[in-house]
Amino acid sequence: LVTKDGSERVLTEGIYPKWAGDDRFVFLKNDGLYLYSIAGGREEKIQEMQDGVATARMALDISDDNQYLAWAVPEGGVVYIFRALDWEKDKLTLKGVLPAAGMHAIFSPDSRFIAVQSGVTGEEPGQEGILIRYYDIETLTQVPSSFVLDGTDPILTFLTDWRP
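A few points on the structure. (Residues numbered from 1 in each chain as written. Predicted model: local features only at pLDDT ≥ 70, side-chain atom pairs only at ≥ 80, totals over all residues. Heavy atoms only, no water.)

## A few points about the sheet that holds strand β8 (residues 91-98)
Pairing is antiparallel across the open sheet formed by four strands, whose spatial order is β5-β6-β7-β8. Of all strands in the sheet, those bounded by a partner on one side alone are β5 (59-62) and β8. Neighbour-to-neighbour, the strand axes of the sheet open up by a mean angle of 20 degrees, direction not taken into account. Bridge count between strand β6 (residues 68-73) and strand β7 (residues 78-86): six bridges; the pairing is antiparallel. Paired with Ala72 across the two strands is Val79, which belongs to β7. (Pairing = 2+ DSSP bridges. Helix = DSSP H or I, 4+ residues; strand = E, 2+ residues; numbered from the N terminus. Axes fitted to C-alpha atoms, helices over the stretch in contact; angles between N-to-C directions.)

Right, dumping it as structure tokens:
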């Protein structure tokens, strides 16, 4: 954390921090998903790690309205969607699981959809690209619209924001 006067302060260790309001952020550690309260100066585990340990290939996103959290677990072939019932009480509930080996999952600005980026390989060696699928958050069903970016290395390309 960098304070207003420019000094740095280490709050905790983990990967993929995402702000959840003005004074809280979520992040991953090897054993699960954590929430850190800056005002309280503490971290709390809010979700156990599913089937293994956190890896650098996983990613998190929080919807702009702070109602949903996506946790992409490409090794497991899923994206977990959590509903944030109360960030003040560190309460998340699992809304559902998308069966997509997503490397990144990003919410739309209106929090109605989520885009999930996956790598794809072609029939010929060296043919690779990125597939982006869209899902409706309310029903967790795939929207019949997707696109492929051929010739794009999925390891070097990141879906990080969804803005017009």
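Next comes the rest of the write-up.
## Some details on the pattern of salt bridges
Using the criterion set out here, one finds seven salt bridges in the structure. For Lys18, the salt bridge goes to Asp61, with nearest N and O atoms at 3.9 Å. Pair noted here: Lys18 is in strand β1 (residues 15-19) and Asp61 is in strand β5, with a separation of 43 residues, a long-range link. The salt bridge involving Asp23 is made with Arg24; its shortest N-O contact spans 4.0 Å. Three or more residues joined by partner-sharing salt bridges are found here, namely Asp31, Lys45 and Glu48. (Salt bridge = Lys/Arg side-chain N within 4 Å of Asp/Glu carboxyl O.)

## Digging into the pairing of strand β4 (residues 42-48)
Bridge count between strand β3 (residues 32-37) and β4: six bridges; the pairing is antiparallel. Pairing of Tyr36 across the sheet is with Glu43, part of β4. As consecutive antiparallel partners, β3 and β4 are separated by four residues, and within that stretch Gly41 has a phi angle of approximately 65 degrees, a positive value.

## Let's talk about the side chain of Ser118
Along the chain, the position of Ser118 falls in strand β10 (residues 113-121). On the basis of relative accessibility, which here comes to 5%, the residue Ser118 falls in the buried class. Those residues in contact with Ser118 that lie beyond four places of it in its chain are Ala101, Gly102, Gly129, Ile130, Leu131 and Arg133. (Buried < 20%, exposed > 50% of the residue type's maximum accessible area, 1.4 Å probe, protein only. Contact = heavy atoms within 4.5 Å.)

## Structural notes on the nonpolar core
Membership of the largest hydrophobic core comes to 20 residues, with the highest contact counts inside it found for Val26, Leu33, Leu69, Trp71 and Trp87. Secondary structure elements with two or more residues in this core: β2 (24-29), β3, β5, β6 and β7. With 14 residues, the next largest nonpolar core counts Tyr68, Val79, Phe107 and Val116 among its residues. (Core = buried A, V, L, I, M, F, W, Y, C linked by side-chain atoms within 4.5 Å.)

## As for the packing of aromatic side chains
This model, assessed by the stated rule, comprises seven aromatic pairs. Plain terms: the ring middles of Trp19 and Phe25 are 5.6 Å apart, the flat faces sit at 75 degrees to each other, and that makes the pair edge-to-face. The exposure class of Trp19 is partly exposed, given its relative accessible area of 47%. Cluster of aromatic residues (ring-pair linked, three or more members): Trp19, Phe25, Phe27, Tyr34 and Tyr36. Its end group placed over the ring of Tyr34, Lys29 keeps NZ or CZ at 5.1 Å from the ring centre. (Phe/Tyr/Trp six-rings, centres within 6.5 Å; stacked < 30°, edge-to-face > 60°. Lys NZ or Arg CZ within 6 Å of the ring centre and 35° of its normal.)

Remember that the coordinates give geometry; whether it matters functionally is a separate question.
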